[in-house]
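Understanding the architecture of this molecule
Listed below are the residues making up each chain.
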2 protein chains.
Amino acid sequence: MTNFAQTKEQFHLPKDIIYLDGNSLGPLPLAACSRVQDTMQNEWGELLIRGWNEASWFSQPISVGDRLARLIGAETGSVVVGDTLSIKIFQALGAALAMKPDRHVILSDRGNFPTDLYMAEGLIQSLDRGLQLHTPAPEAVEASIDESVAVLMLTEVDYRTGRRHDMKKLTAKAHAHGVITIWDLAHSAGALPLALSEAKADFACGCTYKYINGGPGAPAFMYVAPRHADNAEPILAGWQGHAEPFDFDLNYTAHAGAARMRVGTPPVLQMASLEAALDIWEQVDMHDVREQSIVLSERFIKSVERQCNQLKLASPRDPMQRGSQVSFHFEHGYQAIQALISRGVIGDFRAPDIMRFGLTPLYITEADVDAAADHIATVINERLWDNPEFMRKGTVT
Amino acid sequence: MTNFAQTKEQFHLPKDIIYLDGNSLGPLPLAACSRVQDTMQNEWGELLIRGWNEASWFSQPISVGDRLARLIGAETGSVVVGDTLSIKIFQALGAALAMKPDRHVILSDRGNFPTDLYMAEGLIQSLDRGLQLHTPAPEAVEASIDESVAVLMLTEVDYRTGRRHDMKKLTAKAHAHGVITIWDLAHSAGALPLALSEAKADFACGCTYKYINGGPGAPAFMYVAPRHADNAEPILAGWQGHAEPFDFDLNYTAHAGAARMRVGTPPVLQMASLEAALDIWEQVDMHDVREQSIVLSERFIKSVERQCNQLKLASPRDPMQRGSQVSFHFEHGYQAIQALISRGVIGDFRAPDIMRFGLTPLYITEADVDAAADHIATVINERLWDNPEFMRKGTVT
């Protein structure tokens, strides 16, 4: 049984803050500071260039990938860490499209995170082979899977509403129609038990700065099913994905397995921070995380809805259909979120009207959830959001 | 006049080590440790998600780019920081090729760093528009520039020999034939005075973990000439290069200027370390660096050649034709480098037979160079390399 009191103690949580935005950027694991210092002083400082071998920097994209593999139900050796999620989506799309040269549709949905769609549009334009991107409503995706589709690219958990696709079912239907699947796990990894191998996913990508708590700008990861890994074309053919990177051949030969999806030099300081975050995940059973996430989110919804009827639940009511976040529609959501932040409750806003709250059992308790719901009720019922100080100015992050 | 005794004091240099590999990974700036700690504890730890605005993480790819711009003779706003050099090369190539839809040759040279060629090959295969990569010998590049060439993609300073292309002259010839130029500055930035704007370079990319001393895995940078920046197609259309990233539009609209070449979330911890390295560069005149680099390299060559005639200079003898490294051919180079490392002199080996030494005035003195040359002479003349302990085993880094 996971001891969440113990996991909470391993994070730095600022005084008088209830942090419900770990679905955007996870908090600082206390051990990350000393881990990064050790990497800087004892590895970079003392070993210098020898750190690539002697401190195993060069193999980290694979060894850290193996640590993530356990969290997402993936096979050892099937996950590589590096770059950003956008880049990994591009690589997965490039490889998947190359496997279906005679098909012309990339099927996604209009709830997908925009960068996934932008990367697809950019690739479609470059490849110039008559590809089209289809983005039906999320509920219409299943019915849109047919033999015209080359690739089904979905984000499992919607970044705005928390609505969750059924990975296993959609993957099975995709495969029945000869479609390759790409799952974006940005809001899944560290939030839900995942079973990529069991679901027979083809490719998956995710990031490590949200629920995983790897730190701002922590690298992305990419999963390649072992059955594809030796044939997948790494459209970004970087030297670190070469079969023999230090031979400096003028010709490219892809490395065996998922390691071919490495591109350039990995971010060693970010890796150190991520490793410290993963140490906490070693103490956690993902099924316990899921169970407690549902306890927290049900409690939160109930309390908010009981206290203020102006917020409309934007997330699915059935917890099995949600990720680990709860979102509400509210016309003045931007201002309400600013008012909440000024009171020490950090959630975030997503256009046009969504107030979004991440419920993360590793460091959020039932008492936090109760207090947050009370603050929300106060802000809404007392119209505390209606203050010029909380008006939108310029860019929203 | 740059005070190199003062710059040297700002680095951690391990005891009893002469570090002649700063052309591969620069040493640790002392201030980088506290800078990264501050970013972790006071920004990530305390501000959490608010760090993107309140600690200016979101604007760092541009603000740090402006600090680099000064070092490479580029216009303010023309440089973005992020990703890896491989990715930036891919973007530059994609944008450059889109500007020349009717031409079919990418001209490079066979001395280029392999990843640049791999990225070009991968892109050629994806675009499938009959493009070809030509890689003549470096000396034959100038004569190969003609109207068939879409893009001239060169690394200014050869990673093995230190041979330097004439950026201004080749760019001028390229432009006279309607060719777009991409300059890889991996071994130039922080090594030589650069004048991208004056040379009328179109695109340039580089890394910050070599001479710049940003740390292992520090991000790359990309220059886009202001005359192209509003039209250049960012083939990797990531959300942070969108005109309004936080509107989360389903359709992509590129940001004005070079900022469109941003892709995903920047590596905030690596940025902090890089900022500390750039503080040292603020105290430096690049012309002084160049002058002292020539003093060091001439002194080094003279001493090595005087003491052992088995090493053959692989770098150009004329210092104006070299970057800030000196390389020698030696049949048993791999073993000789291992023998030197065991004596505390760190250089590196590049296949097939190159012993490579970076001469970096910020922290390397004339006394260091004299001592290193003496060690080399001892290792060669006393055949200390001829020891089973120094034989090549597995991967070389």
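1. Points about the overall build of chain A
Looking only at helices and strands, chain A features 14 helices and 15 strands. In terms of C-alpha radius of gyration, chain A reaches 22 Å, essentially the compact-globule figure of 21 Å for 397 residues. Dimensions of chain A along its principal axes, counting C-alpha atoms only, are 65 × 55 × 45 Å. Going through the 397 residues of chain A one by one, you find that 58% of them count as buried.

2. Side note on the nonpolar core
Counting residues in hydrophobic clusters, the biggest one holds 273 residues, and the most contacted among them are Leu 93 and Val 151 of chain A together with Leu 93 and Val 151 of chain B. When near neighbours in sequence (up to four residues on either side) are disregarded, Leu 93 of chain A contacts Met 119, Ala 120, Leu 123, Val 151, Met 153 and Ile 182 of chain A.

3. Looking at helix α4 (residues 60–71) of chain A
All names here are of chain A. Compared with the 16 Å implied by 1.5 Å per residue over 12 residues, the 17 Å span of α4 between its first and last C-alpha is a close match. Of the residues making up α4, those classed as buried are Gln 60, Pro 61, Ile 62, Val 64, Gly 65, Leu 68, Ala 69 and Leu 71. Contact partners of the buried residues in α4: β4 (79–81), β10 (220–224), α11 (268–281) and α12 (286–307). At the exit of α4 stands Gly 73, carrying a positive phi of roughly 65 degrees.

4. Quick look at the relation of the copies chain A and chain B
Relating one copy of the chain to the other takes a rotation about an axis and a shift parallel to that axis. It takes a turn of 180 degrees to lay chain A on chain B, together with a shift of 0.0 Å along the axis; the resulting RMSD is 0.0 Å. The symmetry that links the two subunits is that of a two-fold axis. In terms of proximity to the rotation axis, the leading residue of chain A is Leu 127 of chain A, whose C-alpha is 2.5 Å off the axis. Most of the interface of chain A is mirrored in chain B, where 100% of its interface residues again form contacts.

5. Description of the sheet that holds strand β9 (residues 203–207) of chain A
Residues and elements named next belong to chain A. Overall, mixed pairing links the 7 strands, which are arranged β4-β10-β9-β8-β7-β5-β6 in an open sheet. Pairing within the sheet leaves two strands with one partner each, and these edge strands are β4 and β6 (132–134). Strand after strand, the sheet turns through a mean of 20 degrees between neighbouring axes, direction not considered. One ladder, built from 5 bridges, connects β9 with β10; its direction is antiparallel.

6. Description of the interface of chain A and chain B
Listed by partner, the interface residues are 74 residues for chain A and 74 residues for chain B. Only α2 (30–47), α3 (51–54), α5 (85–98), α6 (114–127), α11 and β14 (348–350) of chain A provide two or more residues apiece to the side of chain A that touches chain B. Here the residues of the side of chain A that touches chain B sort into 41 nonpolar, 24 polar and 9 charged.

7. A word on the domain arrangement of chain A
Residues and elements named next belong to chain A. What the domain assignment lists for chain A is domain 1 (31–281) and domain 2 (285–390). Relative to domain 2, the C-alpha centre of domain 1 lies at a distance of 30 Å. Every contact between the two is made by 14 residues of domain 1 and, on the other side, 19 residues of domain 2. Class assignment for the residues of the side of domain 1 that touches domain 2 results in 7 nonpolar, 4 polar and 3 charged.

8. Comments concerning the packing of helix α4 (residues 60–71) of chain B against helix α11 (residues 268–281) of chain B
Residues and elements named next belong to chain B. Look at α4 against α11: their axes get within 11 Å of each other, and the N-to-C directions meet at 25 degrees. Comparing the axis directions of α4 and α11 gives the class roughly parallel. In this structure, α4 crosses over α11, and the sense of that crossing is left-handed. In contact with Gln 60, Val 64, Arg 67 and Leu 71 of α4, α11 contributes Met 271, Leu 274, Glu 275, Leu 278 and Trp 281.

9. What to know about the environment of Ser 63 of chain B
Residues and elements named next belong to chain B. Inspection of the secondary structure puts Ser 63 in helix α4. The exposure class of Ser 63 is partly exposed, given the 13 C-beta atoms found within 10 Å. The sequence separation of Ser 63 and Val 79 amounts to 16 residues, and the corresponding C-alpha distance is 8.9 Å.

10. Overview of unusual backbone geometry
Only a minority of non-glycine residues have a phi that is not negative, and only a minority of peptide bonds are not trans. Here the amide bond leading from Ala 351 of chain A into Pro 352 of chain A is cis, since omega sits at 5 degrees, within 30 degrees of zero. A positive phi is found at Arg 383 of chain A, a non-glycine position, where the angle reads about 50 degrees. Here Arg 383 of chain A is to be found in the segment after α14 (366–381). Taking the C-beta count within 10 Å as the criterion, Arg 383 of chain A has 13 such neighbours and is therefore assigned partly exposed. Positive phi, normally seen in glycine, also occurs at Phe 248 of chain B, with a value near 50 degrees. Looking at the element boundaries, Phe 248 of chain B is found in the loop between α10 (226–229) and α11.

11. A closer look at the sheet that holds strand β15 (residues 354–358) of chain B
All names here are of chain B. What the 4 strands build is an open sheet, ordered β11-β12-β15-β14; its pairing is antiparallel. Edge positions in the open sheet fall to β11 (312–313) and β14 (348–350), since each of these has one partner strand only. As paired strands, β14 and β15 are joined by 3 bridges and run antiparallel to one another. By the bridge assignment, Asp 348 is partnered in β15 with Arg 356. Against the sheet, helix α12 (residues 286–307) makes contact with β11, β12 (325–329) and β15, and its axis sits at roughly 20 degrees relative to β12, the strand it touches most.

12. Description of the environment of Ala 98 of chain A
Checked against the element boundaries, Ala 98 of chain A lands in helix α5. What makes Ala 98 of chain A partly exposed here is the crowd of 18 C-beta atoms within 10 Å.

13. Regarding the pairing of strand β7 (residues 149–155) of chain B
Residues and elements named next belong to chain B. When you tally the buried positions in β7, you get 7 out of 7 residues, the bulk of the element. Here strand β5 (residues 105–107) runs beside β7; their pairing, made up of 3 bridges, is parallel. Its bridge partner lying in β7, Val 105 is registered against Val 149.

14. Topic: the pairing of β9 of chain A
All names here are of chain A. Taken across its 5 residues, β9 has 5 buried, putting it largely inside the fold. Looking at chain direction, strand β8 (residues 180–184) and β9 are connected through 3 bridges and run parallel. Residue pairing across strands places Trp 183 opposite Ala 204, the latter belonging to β9.

15. Observations regarding the confidence of the model for chain A
Where the model shows low pLDDT, its predicted coordinates should not be examined in detail. Put simply, chain A has an average pLDDT of 96, and 99% of its residues get 70 or more. Model confidence for the complex is summarised by a pTM of 0.97, with the ipTM given as 0.96.

16. Details of the packing of α5 of chain A against α6 of chain A
Residue and element names in this part refer to chain A. Orientation of α5 relative to α6, taken along the N-to-C sense of each, is 45 degrees, at an axis distance of 9 Å. In terms of orientation, α5 and α6 fall into the oblique class. In terms of crossing hand, the pair formed by α5 and α6 is right-handed. Residue-level inspection shows Ser 86, Ile 89, Phe 90, Leu 93, Gly 94 and Leu 97 of α5 in contact with α6, the latter providing Thr 115, Asp 116, Met 119, Ala 120, Leu 123 and Leu 127. Along the lines of polarity and charge, the residues of the contact of α5 with α6 split into 8 nonpolar, 3 polar and 1 charged.

The rules we used
- Residues numbered from 1 in each chain as written.
- Chains lettered and ligands numbered in written order.
- Predicted model: local features only at pLDDT ≥ 70, side-chain atom pairs only at ≥ 80, totals over all residues.
- Helix = DSSP H or I, 4+ residues; strand = E, 2+ residues; numbered from the N terminus.
- Rg over C-alpha atoms; globule rule 2.2 N^0.38 Å.
- Buried ≥ 20, exposed ≤ 12 C-beta atoms within 10 Å, placed from the backbone.
- Core = buried A, V, L, I, M, F, W, Y, C linked by C-beta atoms within 7 Å.
- Contact = placed C-beta atoms within 7 Å.
- Expected span 1.5 Å × (residues − 1).
- Least-squares fit on C-alpha atoms with pLDDT ≥ 70 in both.
- Pairing = 2+ DSSP bridges.
- Axes fitted to C-alpha atoms, helices over the stretch in contact; angles between N-to-C directions.
- Nonpolar A, V, L, I, M, F, W, Y, C, P; charged D, E, K, R; others polar.
- Domains from an automatic or database assignment.
- Parallel < 35°, antiparallel > 145°, perpendicular 65-115°, else oblique.
- Left-handed = near helix turned anticlockwise from the far one by under 90°.
- pLDDT = per-residue confidence, 0-100.

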